Amino acid sequence: ASGGASPDSSVQAQIRSARHDVQLATRDLDSSMGDCANVCRALSSLERATAHLCALASGDSDKSACDDAKSRVTRARAQIKASCGTCANGASLDTK
């Protein structure tokens, strides 16, 4: 047997990375509130990170993290819509 990583450990590493990306995007979003251009860019980053995490999610804890990230996106959209109205970069502020 080779000393390479198993497919499962590779997927788990990708999931850890995706969770970290969601955390970073959330922090960027929170620190950008009040600056519509930056907060819209941060929302796009959070949406991409959430989509990546959810695409990888398989176990219950991963699916729970996906659901939490989706909720963050929905809350962020509502906050940004209330303070900025729209995002010039085309990020959707639809909360549905």
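Attention here is on the structure that accompanies the text. (Residues numbered from 1 in each chain as written. Predicted model: local features only at pLDDT ≥ 70, side-chain atom pairs only at ≥ 80, totals over all residues. Heavy atoms only, no water.)

Quick word on the overall build of the chain
Our working definition: Every helix listed is a DSSP run of H or I at least four residues long, and every strand listed is a run of E at least two residues long, numbered separately from the N terminus. Three labels apply to residues, based on accessible area from a 1.4 Å probe with only protein chains included: buried if under 20% of the type maximum, exposed if over 50%, partly exposed otherwise in between. Should any heavy atoms of two residues lie within 4.5 Å, those residues are counted as being in contact.
What the chain contains, in helices and strands, is three helices and zero strands. For the chain, the succession of helices and strands along the chain, N to C, is α-α-α. The proportion of buried residues among the 96 residues of the chain is 31%. Looking at the chain alone, contacts between residues at least 24 apart form 58% of all its contacts between residues at least 6 apart.

Focus on the environment of R19
Where we set the bar: We define a polar contact as two N or O atoms separated by no more than 3.5 Å, with the added condition that, inside protein, one atom must be a possible hydrogen donor and the other a possible acceptor, whereas residues neighbouring each other in sequence contribute only through side-chain atom pairs.
Relative to the elements of secondary structure, R19 occurs in helix α1 (residues 7-32). Taking C-alpha positions, R19 is 8.2 Å from T50, a pair spaced 31 residues apart along the chain. Apart from residues no more than four positions distant in its own chain, R19 is found in contact with L53, S61, D62 and A65. For R19, the side chain forms a polar contact with the main-chain oxygen of S61, separated by 3.0 Å.

Let's talk about the side chain of S32
With respect to the element layout, S32 can be found in helix α1. Accessibility expressed as a relative area gives 13% for S32, which makes it buried. In this structure, S32 is in contact with N38, V39 and A42, ignoring residues within four places of it in sequence.

Comments concerning the state of the cysteines
Between two cysteines, a covalent bond joining their sulfur atoms is known as a disulfide. Cut-off, in case you're wondering: Here, a disulfide means two cysteine sulfur atoms that sit within 2.5 Å of each other.
Counting across every chain of the model gives three disulfides. At a sulfur-sulfur separation of 1.9 Å, the disulfide partner of C40 is C87. A torsion of -80 degrees about the S-S bond marks the disulfide between C40 and C87 as left-handed. Note that C40 is positioned in helix α2 (residues 36-56) and C87 in the segment after α3 (60-84), a separation of 47 residues in sequence. Numbered in order of appearance, the disulfide-bonded cysteines of the chain are paired 1-5, 2-6, 3-4.

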